[in-house]
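# Analysis of the macromolecular model
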Amino acid sequence: QVHLVESGGGLVQPGGSLRLSCAASGSSFRLYTMGWYRQAPGKQRELVATITSGGSTNYADSVKGRFTISRDNAKKAEYLQMNNLKPEDTAVYFCNAKSPLSATWGQGTQVTVSS
């Protein structure tokens, strides 16, 4: 089982950048597909990006070319580099770890894009 803690959220102006981090504890981190999801007020949680144990990535169309997901298996961490942020990126961002048998969520970190 894995435990996840996100960090790096905050308030940023449109066009700015933020880097989210997700620290994992527990064993077998390298075997999990890791992901970032977000939930805006009044909306359903949606996929932002995922990265497999082999390093293959997948992005929502709305963030392609602006966001980059990465992972460091030695540090048991994943990251989300967010550039050219837009007001519509405002949401709580959640880290996710998925295996064939389980899915674990972090507590979330708030990202607010506003001038």
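Reference entry: report on the structure contained in this document. (Residues numbered from 1 in each chain as written. Predicted model: local features only at pLDDT ≥ 70, side-chain atom pairs only at ≥ 80, totals over all residues. Heavy atoms only, no water.)

### A word on the sheet that holds strand 7 (residues 67-72)
- Taken in spatial order, the four strands of this open sheet run 1-3-8-7, and their pairing is antiparallel. Strand pairing shows two members of the sheet lacking a second neighbour, strand 1 (2-7) and strand 7, which therefore form its edges. Direction aside, the axes of adjacent strands within the sheet are offset by 15° on average.
- Bridge count for strand 1 against strand 3 (residues 18-26) is six bridges, and the pairing is antiparallel. Pairing of H3 across the sheet is with S25, part of strand 3. (Pairing = 2+ DSSP bridges. Helix = DSSP H or I, 4+ residues; strand = E, 2+ residues; numbered from the N terminus. Axes fitted to C-alpha atoms, helices over the stretch in contact; angles between N-to-C directions.)

### Quick word on the state of the cysteines
- Tallying each qualifying case throughout the model produces one disulfide.
- Across a sulfur-sulfur distance of 2.0 Å, C22 and C95 are joined as a disulfide pair. Across the S-S bond linking C22 and C95, the dihedral sits near -80°, which makes this disulfide left-handed. Of this pair, C22 sits in strand 3 while C95 sits in strand 9 (residues 91-98), and the two are 73 residues apart along the sequence.
- Note on C22: relative accessible area 1%, which makes it buried. (Disulfide = S-S within 2.5 Å. Buried < 20%, exposed > 50% of the residue type's maximum accessible area, 1.4 Å probe, protein only.)

### Brief notes about the packing of aromatic side chains
- Enumeration over the complete set of coordinates arrives at two aromatic pairs.
- Considering the side-chain rings of Y37 and W105, the 5.0 Å spacing of their centres and the 70° angle between planes classify their relative orientation as edge-to-face. One end of the pair, Y37, is in strand 4 (residues 33-39); the other, W105, is in strand 10 (residues 103-105), and 68 residues separate them in sequence.
- Here the aromatic cluster, defined as three or more aromatic residues joined through ring pairs, consists of Y37, F94 and W105.
- In this structure, R19 packs its charged tip against the face of Y79, placed 4.1 Å from the ring centre. (Phe/Tyr/Trp six-rings, centres within 6.5 Å; stacked < 30°, edge-to-face > 60°. Lys NZ or Arg CZ within 6 Å of the ring centre and 35° of its normal.)

### Here we look at the pattern of salt bridges
- Enumeration over the complete set of coordinates arrives at four salt bridges.
- The shortest N-O distance in the salt bridge between R38 and D89 comes to 2.9 Å. Of this pair, R38 sits in strand 4 while D89 is found in the loop between strand 8 (77-82) and strand 9, placing the two residues 51 residues apart along the sequence. Of the two residues, R38 and D89, both sit in the buried class.
- Notably, a salt bridge pairs K64 with D61, separated by 3.1 Å at the nearest N-O pair.
- Since its relative accessible area comes to 64%, D61 is described here as exposed.
- By sharing partners, the salt bridges in this structure join R38, E46, R66 and D89 into a single network. (Salt bridge = Lys/Arg side-chain N within 4 Å of Asp/Glu carboxyl O.)

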